[in-house]
Amino acid sequence: MAAPIRTFELTPRGHVLAWLCAGSAMAAWLSGDDNARLAAALLLAPLLVDFLLKPRGLALVTARIAPRRTAAGAPFVEAVHLHNQGTRRLRECLLHEPKTMRDQRTLIDRLTPGATQRLELHCKSTTRSHHLERVLLLQSSWPLGFFAVRASLVVATELVTEPARVRLRADVVQAVADRDPAPRDRSQLPGAEFHSLRDHLPEEDARGVHALRSAMLGTLVRRVTYGRLPREIGLVLDLRRPPGRPLTLGVRRFEWSLGAAAALVETLLARDARIRVLVFASRTAHHFVAGPAQLRDLMTFLAEVVASPHRPLEIGVLDELRQHEHCFWIPAGGFLSHDETKGLPGPVTVIGAEAE
């Protein structure tokens, strides 16, 4: 844990009083009037009292925070334990974490020497990131508020802000399940298991339309079938920018794509699928998600990634995906080449911002 940093400065009201004190002292010196000297002394007295009584032990406070994993933009309540290692009581302190609390402050009425106090902070991490330490700002203006003493408490703990989850269209995942036979413990018949009928969307494949029911109703309806997802599914997360495009453009689409990847992996894993993930960036990263531990590692990786300049793919990099029955392709960086996607033998579902 790094050493705390303490600052001591005038507050806005302290600046006003200090200027008044300086002006009256200058007038008393130039005029030699006793009343001017008395006015200068009366203005200077509160500054001296506040300066002498100001608590000096804020830098002796230590904080303890458990590791936190959250999604970008999701509010959470953080438990913080403050321990006063000093010998003086601290009064009317404000606690603040700039990364997650913005303009909010939590008031600590008093913190006795040697005591530990538990606080609950209402936080929200808005930026996808991975930090190994958290910085808390502790401030006190007690007793008169003309001076403020601040201490930065650096806590060695992990804060992982995963991509914000996005809502995907139902047909994105259902496109995989529709191609797989129903499990044997649900039906003894081969093929997908019929579930219901629903309205046909214009962008969907017309082969799923129920002809007889559509003719009876006078509108197109399609079959909804539930099946078992393939055991292993491929996912390509392409972070490469198109050639010549700056890395700073398309940030909104980039963040949406990372959220789509996170939501898709969680959905597929919840349906008993295993996901082989290829991430194309400055180098190719390989992930295999088959349980909560691998999912946590992948989400930590997604919290750290950035867009990458364009580069050609290595020869044979897609070979490990050729055995999968289905593959998802997310062009997070905005680059998509059909020459690359057509190299996969099975169906490929491209997920872009239009799938929101």
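Residues numbered from 1 in each chain as written. Predicted model: local features only at pLDDT ≥ 70, side-chain atom pairs only at ≥ 80, totals over all residues. Heavy atoms only, no water.

Chemist: Looking at this model, I keep getting lost on a nonpolar patch on the surface. Mind explaining?
Modeler: Where nonpolar side chains cluster on the molecular surface, the patch consists of Leu44, Leu48, Val49, Phe51, Leu52, Leu53 and Leu144 and spans about 590 Å² of accessible area. Among the structural elements, Leu44 can be located in helix α2 (residues 34-53). With relative accessibility at 35%, the residue Leu44 sits in the partly exposed group. (Patch = residues over 30% accessible without salt bridge, like charges linked within 9 Å, V, L, I, M, F, W, Y side chains within 5 Å. Areas by Shrake-Rupley, 256 points an atom, 1.4 Å probe, with all protein chains shown as cover. Salt bridge = Lys/Arg side-chain N within 4 Å of Asp/Glu carboxyl O. Helix = DSSP H or I, 4+ residues; strand = E, 2+ residues; numbered from the N terminus. Buried < 20%, exposed > 50% of the residue type's maximum accessible area, 1.4 Å probe, protein only.)

Chemist: Even after reading the chapter, I still don't get the confidence of the model for the protein chain, so can you show me in this structure?
Modeler: Low-confidence regions, as indicated by low pLDDT, have predicted coordinates that should not be scrutinised in detail. The predicted model of the protein chain has a mean per-residue pLDDT of 86, with 88% of residues at 70 or higher. Confidence, read as mean pLDDT per element, is least for strand β12 (residues 193-199) in the protein chain (70) and greatest for strand β11 (residues 159-162) (97). Below pLDDT 50 for its whole length, residues 181-191 participates in 14 contacts with residues either more than four positions away or in separate chains. (pLDDT = per-residue confidence, 0-100. Contact = heavy atoms within 4.5 Å.)

Chemist: Honestly, the packing of aromatic side chains in this entry has me stumped. Any pointers?
Modeler: Here a ring pair, both rings aromatic, is described through the centre-centre distance and the interplanar angle of the planes. Counted according to the given criterion, the structure contains four aromatic pairs. Measuring from centroid to centroid gives 5.4 Å for Phe8 and Phe51, while their planes differ by 80°, and the two rings are edge-to-face. With Phe8 in strand β1 (residues 5-10) and Phe51 in helix α2, this residue pair connects regions lying 43 residues apart in the sequence. Since its relative accessible area comes to 30%, Phe8 is described here as partly exposed. Its relative accessible area of 36% is what places Phe51 among the partly exposed residues. On the numbers, 5.5 Å between centres and 35° between planes, the contact of Phe8 with Phe147 is tilted. Here Phe8 is found in strand β1, whereas its partner Phe147 is found in strand β10 (residues 147-155), with 139 residues between them in sequence. Looking at Phe147, the relative accessible area reads 13%, which means it is buried. Members of the aromatic cluster, each reached through a chain of ring pairs, are Phe8, Phe51 and Phe147. Over the face of the ring belonging to Phe51 we find Arg56, whose NZ or CZ atom lies 5.1 Å from the ring centre. (Phe/Tyr/Trp six-rings, centres within 6.5 Å; stacked < 30°, edge-to-face > 60°. Lys NZ or Arg CZ within 6 Å of the ring centre and 35° of its normal.)

Chemist: Help me out: how do you make sense of the sheet that holds strand β4 (residues 75-84) in this one?
Modeler: One key point about sheets: their strands pair by backbone hydrogen bonds, in either a parallel or an antiparallel sense. With antiparallel pairing, the three strands of this open sheet are ordered in space as β2-β4-β7. Edge strands, defined here as strands with exactly one partner in the open sheet, are β2 (61-65) and β7 (116-124). The mean inter-strand angle of the sheet, taken between neighbouring strand axes irrespective of direction, is 30°. For β4 and β7, the ladder comprises nine bridges, and the chain directions are antiparallel. Residue pairing for β7: Pro75 is matched across the bridge by Lys124. (Pairing = 2+ DSSP bridges. Axes fitted to C-alpha atoms, helices over the stretch in contact; angles between N-to-C directions.)

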